[in-house]
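Architecture at a glance
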Amino acid sequence: MSIKEDVRKAVLSVLPQEAKVTRVEYEGPSIVIFVANPLFVVKHGEYVRTLAKTLKKRIIIRGDESIRRGEEEVKSVIKSLLGDLVDQIYFFKLFGEVYVYLSKPLPEVEVRRIEREVFASTGWRTLIEAGVPKYSVKLSASHIKEVREFAHATEATKKEMLSMLGMRIHRDLALKDFKIAVTTLGGAQEVGRSALLLRTQESTVLIDFGIKPTSTEDELPLFHLAGVDLDELDAVVVTHAHMDHIGSLPLLYKYGYRGPVYMTEPTKYLTYVLLTDYLQIREREGRPPLYSIQDVVDVLAHSITLEYEEVTDIAPDIKLTFYNAGHELGSSIVHLHIGNGLYNVVYTGDFKYGQTRLFDRAHNRFKRVELLIMESTYGGRDDVQPPRHESEQKLIEVIRRTLNKGGKILIPVFSTGRAQEILACINDAISEGGLPKIPIFIDGMVLQTLNIHMMFPSFLSKSMQERILNGENPFVSDHTIPIERAKRPEERVEQVAQIIGSEKPAIILTPHGMLNGGPILDYFAHMAEDSKNLLVFVSYQAEGTLGRRILDLTSQCRRPPGGELTVRTSIGETKVKLEMPCEHIPGFSGHSDRAQLLNYVKDVEPKPQKIMLVHGEPGKILSLAITLELKHKVTTISPKVLETIRLV
Ligand code: ZN
């Protein structure tokens, strides 16, 4: 299907002849206009803005192939403008685009200005992105480079998908009469395997597709019971990169889905880190893979990344907008505008309605909201978290006490979210003199995610943005020591023994956050028998994990049966006597606590007609639902997995 005649006419009537329009095409959700005079379009940005408003579409301007300069010339133009800041340059010939990765983030205004300048003088649409920061402690950036290389290698796949998608999104509506329904495929009356299916008579959209880890095999969303063909899916939308929201995504591609998956740019990088890590963990544990690395690459190849607050057509009758969710880097609240404003759904995903060190609190104002789908992880009556500054003070206090005793501190963290928050907190305490200058060892996947945080300051809180743009790195300092895990088990034992056996003080941050595997177990086994050391929990410990067991044992002053715990380290199972004390410091959560959930319902504008509660244990959801119904007088529904609710 070629571009609709009225769209082509609108383009030609708004853009003057001097722009020299040569072609107009659909490309996924966007309208692409090729011009032979890019300088004119850059100088007169007002024409493109008028056009976007008239058509209510994303507009992309590209240089016509005939006027694009040679690659060497383009490179020298870029280098003359950016100098040493250029880290890598990739040409996407099929798109006529050049991607420039920087070795340091620049302010947004500056970036846009240089992009326009390169485009005007070379005819190549230019996209400048922050790259791996060079001025920080040397951290591994292999995953970041792989994401870029895969994007380059799968250019043709993306081009093909976007052409097909353009036709699909801009098809004429078959039915004018609207019915809308939402089905919970997972993550309802439970935490884990989040997945929602939203259907109108015209289109089908899947939001999140996670896994639920259990002690035996991971549980998946019940897609196969929803009666939907993969071919019918118009779009997949991802709120954020945590395994309970993304863990099953590659399965869609394994079984033949070839459509788009919408997410933010940082979510794309974090998704790759988490999914490849998951494959490696399964392999190490001798469990069969759920999917292959190729399926993970397919997720990247079909990703379409969006900025916050950028409206995008994802189906003929559905527009999607992401808003800041304050939960982790790139995490989003999803707004769906259905049937030309007939019905509007806001899905919070996981969200934090409170300021944290890294993120501003979640967005609460929308043009319209009929249904609010809200997470309820901490919706229980007793789920009250202390204020963030109290938790931070307590963390610094327990670290100081342990150091004074000559002990070392072990902090289990997940790769994304808490790890960065805790690192920023400890580094600030050191620079403000609240803690002495002590080595901070970081092991495992946390290393890969630190640079990703530095690459996207615009997704962090205003104050963090400022610090990073001023050349600061809040996550690492001169005291940070990255540990690249030794491959051979004997070497690994030696590596950990050297750190723990040393006389010097140390803080060690490493996954898994619930001690359910990962590099932390090597450190734990070495440290557990020394009562001078300290284990600090800063996140939720789920039932059935070693972390929960330790927490239960130490809080009740009980000793493990036989006085020993079995721990699976790099060299196999080993028994340790637990002498190391542990501290649990709540309040660092990236989720809203009960008060914040209730405040969100009170503050969200406009008032939703209905609230649907998901992502919580049944008891907590029930308690929250009763309060919302009785105190806030709002109709609340709490579906189980695989229930379908008709919205219109
Ligand atoms: Zn999450």
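Residues numbered from 1 in each chain as written. Predicted model: local features only at pLDDT ≥ 70, side-chain atom pairs only at ≥ 80, totals over all residues. Heavy atoms only, no water.

**Looking at the coordination of the zinc ion**
- At this site the zinc ion is bound by H240 (NE2), H242 (ND1), H327 (NE2) and D350 (OD), with donor distances of 2.2 to 2.3 Å.
- Metal-centred angles of 90 to 168° between the four donor atoms at the zinc ion mark the site as irregular.
- If you list the donors of the zinc ion from N- to C-terminus, the spacing comes out as H-x1-H-x84-H-x22-D. Here the residue H240 occupies a position in the loop between β10 (235-237) and α8 (243-246), and H327 occupies one in the loop between β14 (318-324) and β15 (332-338), the gap between them amounting to 87 residues. (Donors = N, O, S within 2.8 Å, 3.2 Å for Na, K, Ca; no water. Tetrahedral: all angles 85-135°; square planar, octahedral: opposite > 155°, others 65-115°. Helix = DSSP H or I, 4+ residues; strand = E, 2+ residues; numbered from the N terminus.)

**Examining the sheet that holds strand β18 (residues 409-412)**
- Strand order in this open sheet of six strands is β20-β19-β21-β18-β22-β25, and the pairing throughout is parallel. Single-partner strands in this sheet number two, and they are β20 (480-483) and β25 (582-584). The mean angle between the axes of side-by-side strands here comes to 20°, regardless of whether they run parallel or antiparallel.
- Sheet contacts for helix α17 (residues 520-527): β18, β19 (440-443), β20, β21 (507-510) and β22 (534-537); angle to β18, the most-contacted strand, approximately 145°. (Pairing = 2+ DSSP bridges. Axes fitted to C-alpha atoms, helices over the stretch in contact; angles between N-to-C directions. Contact = heavy atoms within 4.5 Å.)

**Some words on the packing of aromatic side chains**
- In total, this model carries 15 aromatic pairs according to the counting rule given.
- Each ring, one from Y99 and one from Y101, has its centre 6.4 Å from the other, and the planes form 35°; the classification is tilted.
- Assessed through its relative accessible area of 4%, Y101 is described here as buried.
- Between the aromatic rings of F150 and Y272, the centroid separation amounts to 5.8 Å while the plane-to-plane angle is 70°, which identifies the pairing as edge-to-face. Linking F150 in helix α6 (residues 142-153) with Y272 in helix α10 (residues 265-284), this pair joins segments that are 122 residues apart in sequence.
- Overall, F150 belongs to the partly exposed group, its relative accessible area being 25%.
- Above the ring of F95, the side-chain terminus of K159 is found at 5.0 Å from the ring centroid. (Phe/Tyr/Trp six-rings, centres within 6.5 Å; stacked < 30°, edge-to-face > 60°. Buried < 20%, exposed > 50% of the residue type's maximum accessible area, 1.4 Å probe, protein only. Lys NZ or Arg CZ within 6 Å of the ring centre and 35° of its normal.)

**Here we look at the packing of helix α19 (residues 594-603) against helix α20 (residues 618-630)**
- Relative orientation of the contacting elements α19 and α20 amounts to 35°, with a least axis distance of 11 Å. In terms of crossing hand, the pair formed by α19 and α20 is right-handed. Residues R594, L597, L598 and V601 of α19 pack against S623, L624, T627 and L628 of α20.
- A breakdown of the residues in the contact of α19 with α20 according to their chemical character gives five nonpolar, two polar and one charged. (Left-handed = near helix turned anticlockwise from the far one by under 90°. Nonpolar A, V, L, I, M, F, W, Y, C, P; charged D, E, K, R; others polar.)

**Section: the sheet that holds β15**
- Reading across from one edge, β13-β14-β15-β16-β17-β26-β27 is the order of the seven strands in this open sheet, with mixed pairing throughout. For this open sheet the edge positions go to β13 (312-315) and β27 (635-637), each flanked by a neighbour on one side alone. The average angle at which neighbouring strand axes cross in this sheet is 25°, direction not considered.
- Taken together, the five bridges between strand β17 (residues 371-375) and strand β26 (residues 610-614) define a ladder with parallel strand orientation. Directly across from L372, in β26, lies its bridge partner I611.
- Taken strand by strand, α20 contacts β17, β26 and β27, and its axis lies near 165° from that of β26.

**Concerning the environment of I550**
- When you line up the elements, I550 lands in helix α18 (residues 546-555).
- By relative accessible area, I550 is classed as buried at 0%.
- Expressed as a C-alpha distance, the spacing of I550 and G83, which sit 467 residues apart in the sequence, is 53 Å.
- In contact with I550, other than residues within four places in its own chain, are L515, F524, L535, F537, L565, L578 and C582.

**Thoughts on a nonpolar patch on the surface**
- A cluster of nonpolar side chains, namely L622, I626 and L630, defines an oily patch on the protein surface of about 300 Å² accessible area.
- Counting through the fold element by element, L622 comes out in helix α20. (Patch = residues over 30% accessible without salt bridge, like charges linked within 9 Å, V, L, I, M, F, W, Y side chains within 5 Å. Areas by Shrake-Rupley, 256 points an atom, 1.4 Å probe, with all protein chains shown as cover. Salt bridge = Lys/Arg side-chain N within 4 Å of Asp/Glu carboxyl O.)

**Structural notes on unusual backbone geometry**
- A cis amide bond links P511 to the next residue, H512, at an omega of 10°.
- In this fold, H512 is placed in the loop between β21 and α17.
- Here E605 and P606 are connected by a cis peptide whose omega angle stands at -10°.
- Turning to its location among the elements, P606 is positioned in the loop between α19 and β26.
- The phi angle at N340 is positive, at roughly 55°, despite the residue not being glycine.
- By secondary structure assignment, the location of N340 is in the loop between β15 and β16 (343-347).
- Even without glycine at this site, L515 takes up a positive phi of about 55°.

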